Amino acid sequence: CTVIFTRLATRDLHKPISILFCNLAVSDLFTSFSGFWISMLFITNPDITIFGSRDMLAPYALYTTSILSTIYNLVSIGIERYLAVAKSMRTRFRVARSHSIAVVFISWLLAFLLGCLPLLGWNCLQAERSVSVLYSPFCVHYLVFITLPNVVVAFLVPLFTYLRIIIILRKRKLRMQACGQATGTYKSAETQVARTSISIWLLALVSYAPFSAGVIFDAASRRCHADLYPGAYVFRNCTAMLITLTCLGNPLLYTLSLRELGAKLRAKLRCLPAGRLRACAI
């Protein structure tokens, strides 16, 4: 919420990449909200989160939609950063605000279409054979269809984009060194991109890989709920906690640094009482 408020209230942050950052924060907010909804259902009636019920379709669908939107946002941010760095090298395409708004709309539309398929009938409330043991009443083949391709995209696309950015920056640095010019800026940018990309990979690996492993185990193991209780459900809850922690890590990686974000937020809050006097311009 702090990221959303700061970026909407600060005019110099209304850039194409800021729209994607703000949308990523909205996706993380929905993920946290849907996770809280599922937790409340577990507190009030634990059996429906284990054996499945029609009441779990809506929160699970919202949870799936939010995670898919987060993945699509991460991919869009990586592509936008690549185009921003490479525009002076091989392409003159420039990302505008209209492009970012269109990407946000398309990502949410695709996430809703895929995430709400169980609400449209692709569920296992009647078909007991293909029901997911960990995420009843979702079907196993639906979870495989949703999870594996999107996780592969979440790993491969950022890998390509950030590696290309590092290669482009290194080529520019070598070209400037050959001309006898200073290369401190490119060296610093290359180090920062490499550090950020490693952090992105570690965060994605820690959060989404266990969830994918749980889906694969669910598809390969045809056991009853009683056979997997309680160990498998403890593992399921841990994967949900890791995804929730990702929602806290994304603002730190993809938005401004904590110090800069805090400075802009404090400046904006100080400007609110003095708005009538127009004494502060950020």
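Each chain carries its own residue numbering, running from 1 in the written order of its sequence. Per-residue local features of the predicted model are confined to residues with pLDDT of at least 70, and side-chain atom pairs are confined, for both listing and counting, to 80 or more; whole-chain, interface and lining totals are unaffected and use all residues. Based on all heavy atoms of the structure, the side-chain values leave hydrogens and waters out of the count.

Chemist: Honestly, the overall build of the chain in this entry has me stumped. Any pointers?
Modeler: Only runs of H or I of at least four residues qualify as helices and only runs of E of at least two qualify as strands under DSSP, and these elements are numbered from the N terminus. Counting its regular elements, the chain contains 10 helices and 0 strands. In the chain, the order of α-helices and β-strands from amino to carboxyl end is α-α-α-α-α-α-α-α-α-α. Exposure categories follow from relative accessible area, calculated using a 1.4 Å probe and restricted to protein chains: below 20% of the type maximum is buried, above 50% is exposed, and the middle band is partly exposed. Looking at the chain residue by residue over its 282 residues, the buried ones come to 46%. In this analysis, two residues are considered to be in contact whenever any of their non-hydrogen atoms come within 4.5 Å of each other. Once local pairs closer than 6 in sequence are excluded, the contacts in the chain between residues at least 24 apart make up 75%. Surface summary for the chain: the accessible area is close to 15600 Å², and the carbon and sulfur share equals 67%. A 1.4 Å probe and the Shrake-Rupley method give the accessible areas. Residues count as covered only by the protein chains that appear here.

Chemist: Just to check I follow, could you spell out the layout of surface pockets for this structure?
Modeler: Summary: where empty space remains is shown by rolling a probe the size of a single water molecule over the atoms. Cavity: a set of points on a 1 Å grid over the protein atoms alone where a 1.4 Å probe fits but cannot get out. Pocket: an open set with protein on both sides within 12 Å along at least five of seven lines, its lining residues, like those of a cavity, having an atom within 4 Å of a point. Grid points are joined across faces, edges and corners, and a volume is the space filled by probe spheres set on the points. In this structure, the second largest pocket occupies an estimated 380 Å³ of space. Looking at the second largest pocket, it is lined by 18 residues, and the ones nearest its centre are Gly35, Ile38, Ser39, Asn237 and Ala240. Only helix H2 (16-44), helix H4 (57-86) and helix H9 (231-254) provide two or more residues apiece to the lining of the second largest pocket. Top element by residues in the lining of the second largest pocket is H9. It accounts for 7 residues.

Chemist: Hey, could you run me through the packing of helix H1 (residues 2-9) against H2 in this one?
Modeler: Packed helix pairs are specified by the crossing angle of their axes together with the interaxial distance, meaning the distance between the axes. The contact between H1 and H2 brings their axes to 9 Å, and the two run at 150°. The orientation of H1 with respect to H2, classified from their angle, is roughly antiparallel. Handedness of the crossing formed by H1 with H2: left-handed. Counted together, Val3, Ile4, Arg7 and Leu8 of H1 and Ser18, Phe21, Cys22, Ala25, Val26 and Leu29 of H2 form the full contact between these two elements. Orientation is described by lines fitted to C-alpha atoms, with helices fitted over the stretch in contact, and by angles between N-to-C directions that extend from 0 to 180 degrees. Small angles under 35 degrees read as roughly parallel and large ones over 145 as roughly antiparallel, with 65 to 115 read as roughly perpendicular and the rest as oblique. Each crossing gets its handedness from the near helix: less than a right angle anticlockwise from the far helix is left-handed, clockwise is right-handed.

Chemist: Looking at this model, I keep getting lost on the UniProt feature "transmembrane region" (unreviewed entry) in the chain. Mind explaining?
Modeler: UniProt positions are given in the numbering used here, feature names are shortened, and annotations may be inferred rather than shown by experiment. Here the UniProt feature "transmembrane region" (unreviewed entry) sits at residues 17-40, 60-79, 100-122, 142-167, 200-221 and 233-256. Taken end to end, residues 60-79 is 100% helix and 0% strand, and its two terminal C-alpha atoms sit 29 Å from one another. Its end C-alpha atoms 38 Å apart, residues 142-167 is made of 100% helix and 0% strand.

Chemist: Before we go on, may I ask you to explain a nonpolar patch on the surface in this structure?
Modeler: On the surface, a nonpolar cluster with roughly 410 Å² of combined accessible area is contributed by Val152, Leu156, Leu159, Leu163 and Trp201. It is helix H6 (residues 140-178) that contributes the most residues to the nonpolar patch, 4 residues altogether. Looking at where Leu159 falls in the secondary structure, it is placed in helix H6. For patch building, the residue pool is restricted to those with more than 30% relative accessible area and no salt bridge; the joining distance is 9 Å between like charges and 5 Å between nonpolar side chains (Val, Leu, Ile, Met, Phe, Trp, Tyr). By definition here, a salt bridge exists when the distance from a side-chain nitrogen of Lys or Arg to a carboxyl oxygen of Asp or Glu is within 4 Å.

Chemist: I tried to follow the confidence of the model for the chain on my own but got confused; where do I start?
Modeler: Regions with low pLDDT carry predicted coordinates that are not meant to be interpreted in detail. Residues of the chain with pLDDT of at least 70 account for 74%, and the chain-wide mean is 76. A score from 0 to 100, pLDDT tells how confident the predictor is in each residue. At the low end of the mean pLDDT range in the chain sits helix H10 (residues 258-271), at 58; at the high end sits helix H5 (residues 97-115), at 89. Low pLDDT (under 50) marks residues 276-282, which in the prediction has 7 contacts with non-local residues, meaning those over four places away or in another chain.

Chemist: Any chance you could explain empty space enclosed by the protein here in plain terms?
Modeler: As enumerated under the stated definition, the model contains 4 cavities of 30 Å³ or more in all. Reported here for the largest cavity is a volume of approximately 200 Å³. Along the walls of the largest cavity sit 16 residues, with Thr64, Ile67, Ile146, Thr147 and Phe211 positioned nearest its centre. The class makeup of the residues in the lining of the largest cavity is 13 nonpolar, 3 polar and no charged. Amino acid classes used here: Ala, Val, Leu, Ile, Met, Phe, Trp, Tyr, Cys and Pro are nonpolar; Asp, Glu, Lys and Arg are charged; the rest, including Gly, are polar.

Chemist: In this structure, what is going on with the packing of aromatic side chains? I would like to understand it.
Modeler: Geometrically, a pair of aromatic rings is defined through the distance of the ring centres and the angle of the planes. Any two of the Phe, Tyr and Trp rings considered here, Trp counted by its six-membered ring, make a pair once their centres fall within 6.5 Å; the pair's planes then place it as stacked at under 30 degrees, edge-to-face at over 60, or tilted in between. Within the structure shown, the criterion is met by 8 aromatic pairs. Between Phe30 and Trp108 the ring centres are 5.6 Å apart and the planes differ by 65°, which places this aromatic pair in the edge-to-face class. Within this pair, whereas Phe30 is found in helix H2, its partner Trp108 is found in helix H5, the two being separated by 78 residues in sequence. Taking 5.6 Å as the distance between ring centres and 40° as the angle between the ring planes, the aromatic pair formed by Trp122 and Phe145 counts as tilted. Residue Trp122 is found in the loop between H5 and H6, and its partner Phe145 is found in helix H6; the two are separated by 23 residues along the sequence. Among the residues examined, Trp122 registers a relative accessible area of 29% and is labelled partly exposed. Each member of the aromatic cluster is reached from another via a ring pair, and the members are Tyr60, Trp122, Tyr135, Phe138, Tyr142, Phe145 and Phe211.

Chemist: Would you explain the nonpolar core in this entry?
Modeler: Across soluble globular proteins, nonpolar side chains have a tendency to be buried as a group. Nonpolar cores are built from buried Ala, Val, Leu, Ile, Met, Phe, Trp, Tyr and Cys residues. Side-chain atoms within 4.5 Å join them into one set. Among the nonpolar cores identified, the biggest contains 34 residues, and Tyr135 and Phe138 are the most heavily contacted of them. Those elements that place two or more of their residues in this core are H2, helix H3 (46-51), H4, H5, H6, helix H7 (184-220) and H9. With 7 residues, the single largest contributor to this core is H4. Excluding residues that lie within four positions of it along the chain, Tyr135 makes contacts with Tyr60, Leu143, Phe211, Asp218, Arg236 and Thr239. Counting 16 residues, the second largest nonpolar core, distinct from the first, contains Phe21, Leu24, Trp108 and Ile165.

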